[in-house]
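# Residue-level structural notes
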Amino acid sequence: PVIDSIPCDTFSHFDTHTDTVVYAYRSNNRVICLDANTGATRWNRTGLSGNMRSGAPAVFDSLLICHDNSTGATQRKVTALRVRNGLTAWTSASLLQRLFLGPALSNDTIFVAGRGAGISGDGGGQINAINANTGAVIATFDDAAPRNYQNGVVVFGDNLLAITRNDAVDGFSASIQVWRHTHD
């Protein structure tokens, strides 16, 4: 039977040595932490940057990595919240593109893919590599063609995989881009 119903947009489930919790993005730029066994709210963070309604957060060490897919020039950030209380540890500078789907992690590097304001063919996007300890952008990966990165990045070994799209260039078809990263 359903214990309770809590509206949310996306969520991630994490099992640590002492806790099993669910982190959920909610409307109005909120992130909540729920006890996975009881459904009780551990913390509820409001007032975060922009739109947090696509993809899911990820956990790095004691930080919850959240992303904002808004279009405003002062938004489009990645924010690290402390998993125990939801307080902000750091917030990245505004990135050039909207961020879609959740961040990917490799060692102490966060990878997020972005696209412009439209669906496709609006100037392209890029992949950003961000230091998970500080929020500093440490590298960008960008195709010379104006392709958008509409999905999350997949990291395996020292390779990044991302699906790109530009209707004007590719004729309504997607491409898979493979990048090699060596900064970890």
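So, how was this worked out
Residues numbered from 1 in each chain as written. Predicted model: local features only at pLDDT ≥ 70, side-chain atom pairs only at ≥ 80, totals over all residues. Heavy atoms only, no water. Helix = DSSP H or I, 4+ residues; strand = E, 2+ residues; numbered from the N terminus. Contact = heavy atoms within 4.5 Å. Areas by Shrake-Rupley, 256 points an atom, 1.4 Å probe, with all protein chains shown as cover. Pairing = 2+ DSSP bridges. Axes fitted to C-alpha atoms, helices over the stretch in contact; angles between N-to-C directions. Core = buried A, V, L, I, M, F, W, Y, C linked by side-chain atoms within 4.5 Å. Buried < 20%, exposed > 50% of the residue type's maximum accessible area, 1.4 Å probe, protein only. Salt bridge = Lys/Arg side-chain N within 4 Å of Asp/Glu carboxyl O.

Further remarks concern the overall build of the protein chain. Across its full length, the protein chain holds one helix and 17 strands. A sequence separation of at least 24 residues applies to 39% of the contacts in the protein chain between residues at least 6 apart. Carbon and sulfur atoms provide 51% of the accessible area of the protein chain, an area that totals close to 8,800 Å².

Turning our attention to the sheet that holds strand 7 (residues 78-82). Here we have four strands laid out as an open sheet, ordered 5-6-7-8, and antiparallel in their pairing. The open sheet terminates on both sides in strands that have one partner only, identified here as strand 5 (58-60) and strand 8 (88-91). Neighbouring strand axes in the sheet, compared pairwise and without regard to direction, differ in orientation by 25° on average. Pairing geometry for strand 7 and strand 8, over three bridges, is antiparallel. Bridging across to strand 8, Ala80 finds its partner in Trp90.

This next bit is on the nonpolar core. Membership of the largest hydrophobic core is limited to twelve residues, which are Phe60, Leu63, Ile65, Val78, Ala80, Trp90, Leu95, Leu99, Ile110, Val112, Ile130 and Ala132. Of all elements in the fold, only strand 6 (63-67), strand 7 and strand 11 (109-115) reach the threshold of two or more residues within this core. In this structure Val78 touches Ile65, Cys66, His67, Trp90, Thr91, Ser92, Leu95, Leu99, Val112 and Ile130, once residues within four positions along its chain are discounted.

For the rest of this paragraph, the subject is the pattern of salt bridges. Counted under the stated rule, the structure contains one salt bridge. In this structure, Asp35 engages Arg42 in a salt bridge whose closest nitrogen and oxygen atoms are separated by 2.8 Å.

This part is about the environment of Pro103. Secondary-structure assignment places Pro103 in the loop between strand 9 (98-99) and strand 10 (104-106). Dropping the residues within four chain positions of it, Pro103 is found in contact with Ala56, Ala58, Ile65, His67, Ile110, Phe111 and Val112.

The residue Gly102 is located in the loop between strand 9 and strand 10 in this model. Each C-alpha atom of the pair Gly102 and His67 lies 7.0 Å from the other, and the pair is 35 residues apart in sequence. Contacts of Gly102, omitting those with residues within four sequence positions, involve Gly55, Ala56, His67 and Gly152.

It is worth spelling out the pairing of strand 6 at this point. Where burial is concerned, most of strand 6 is hidden: five out of the five residues are buried. In strand 6, alternate side chains face the same way, and those of Leu63, Ile65 and His67 on one face and Leu64 and Cys66 on the other are all buried. Here three bridges tie strand 5 to strand 6, and the two strands are oriented antiparallel to one another. Each residue of the ladder has a partner; that of Ala58, found in strand 6, is Ile65. What sits between the antiparallel neighbours strand 5 and strand 6 is a turn of two residues, in which Asp61 has the positive phi angle 55°.

Purely geometric stuff here, so don't read any function into it on its own.
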